[in-house]
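Coordinate analysis (summary)
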Amino acid sequence: DPDYARAHTSLGTTLQETGRLEDAVASHQQALSINPDYAEAHANLGNALKELGRLEDAIEAHEKAIRLKPDLALALCNLSNVLDLQDRLEEGEAACRRAIELKPDYPPAHVNLSLFLFRKWHLEEAWNEFEWRWRLPKNAIFARAFPQPRWNGSPLEGKSILLWGEQGIGDLVRLAGMIPDVLKAGAAVTIVCDERVVDLFTHSFDGACVFAYSYMEKNSDRYDFQCPFGSLGKFFRSERNAFPSGEGGYLKADPE
């Protein structure tokens, strides 16, 4: 059925996921040549254009989708991704909030909103919105790997806690700045993280035990609490002056 527009735009999405961006654009455009009022295809085209760095064209595609289907939360959320790249924070936040208004349980819009709020230093709301990342399918399975309760900010004196890195290596390093706060709270701290930073974290956080991710397979049930790195912020960095001055830093290289 060469006139099946949905198949063309679905193919375009798959082509984008495999890195064939120009082919993806062509497939979405083919869908739109069949059905110019296909809002979802405009939104999908916008995603592919964004990946190609054609940001103005991406915005035009997303705005076309929104005009055709004003209640399409997907298009509003995707539009916010492009606005973020252009540092258009107010517009991006507004797009996220409109998407949430239309679809309150839409995790990508909440996560995107958190990123705008972080950039504007609205930290308390940002950390709460950031927790929606656990409702994304790619994260939900990982989060369920821990049988013990998630730490909720309760006293840690005399308790044991497993801190686990959940994101890329850059975010691991950035978010690790809160590990000293956990140690100061009196907890027995174990860290599991990417093996590339195990030695660095071992040198940096005296008193903590540091292991690669594989440690979790047999030992994740030995602790009173667990907490991903990115969920520490709402307890230790809820306002701007809660960040340390940076003097001295929190990472220590191997002296050898």
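Residues numbered from 1 in each chain as written. Predicted model: local features only at pLDDT ≥ 70, side-chain atom pairs only at ≥ 80, totals over all residues. Heavy atoms only, no water.

Brief notes about the overall build of the protein
Keep this limit in mind: For the purposes of this entry, the term helix denotes a DSSP run of H or I that reaches at least four residues, the term strand denotes a run of E that reaches at least two, and both are numbered from the N terminus. Should any heavy atoms of two residues lie within 4.5 Å, those residues are counted as being in contact. Using the Shrake-Rupley algorithm and a 1.4 Å probe, accessible areas are obtained, with residue cover drawn only from the displayed protein chains. Under the convention used here, Asp and Glu are negative, Lys and Arg are positive, and both His and the chain ends fall outside the count. One atom stands in for each charge, and that atom is NZ of Lys, CZ of Arg, CG of Asp or CD of Glu.
In terms of regular secondary structure, the protein is built from 14 helices and four strands. Long-range contacts, defined as pairs at least 24 residues apart, comprise 62% of the intrachain contacts of the protein with a sequence gap of at least 6. Working note: accessible area of the protein is about 13,500 Å², and carbon and sulfur atoms make up 49% of it. Looking at charge distribution, the protein has the averaged site of its 28 positive side-chain charges lying 3 Å from that of its 39 negative ones.

Looking at helix 1 (residues 5–17)
Our working rule: What a helix is expected to span follows from its residue count: subtract one and scale by 1.5 Å. Each residue gets one of three labels from its accessible area relative to the maximum for its type: buried under 20%, exposed over 50%, partly exposed in between, using a 1.4 Å probe on protein chains only. To be clear, the arc concerns the directions from the helix axis to the C-beta atoms.
Here helix 1 is 13 residues long and its end C-alpha atoms lie 19 Å apart, about the 18 Å a rise of 1.5 Å per residue gives. Taken together, the buried positions of helix 1 are occupied by Ala5, His8, Thr9, Gly12 and Leu15. Summarising the axial view, the buried residues of helix 1 lie within an arc of 115 degrees, below the 170-degree limit, and thus occupy one face. Opposite the packed face of helix 1, turned more than 90 degrees from it, sit the exposed residues Arg6 and Glu17. The elements touched by buried residues of helix 1 are helix 2 (21–34) and helix 3 (39–51). After helix 1 finishes, the residue Gly19 shows a positive phi value of roughly 85 degrees.

A closer look at the packing of aromatic side chains
Note the following rule: Aromatic contacts are taken between Phe, Tyr and Trp rings whose centres are within 6.5 Å, Trp giving its six-membered ring; a plane angle under 30 degrees counts as stacked, one over 60 as edge-to-face, and the others as tilted.
Tallied over the full model, the rule gives nine aromatic pairs. Residues Trp127 and Phe130 carry aromatic rings whose centres are separated by 6.3 Å and whose planes lie at 65 degrees to one another, so their mutual orientation is edge-to-face. With a gap of three residues between them, Trp127 and Phe130 both fall in helix 8 (residues 123–130), about one helical turn apart. Of the two residues, Trp127 and Phe130, both sit in the buried class. On the basis of an interplanar angle of 55 degrees and a centroid distance of 4.6 Å, the ring pair of Trp151 and Phe235 is categorised as tilted.

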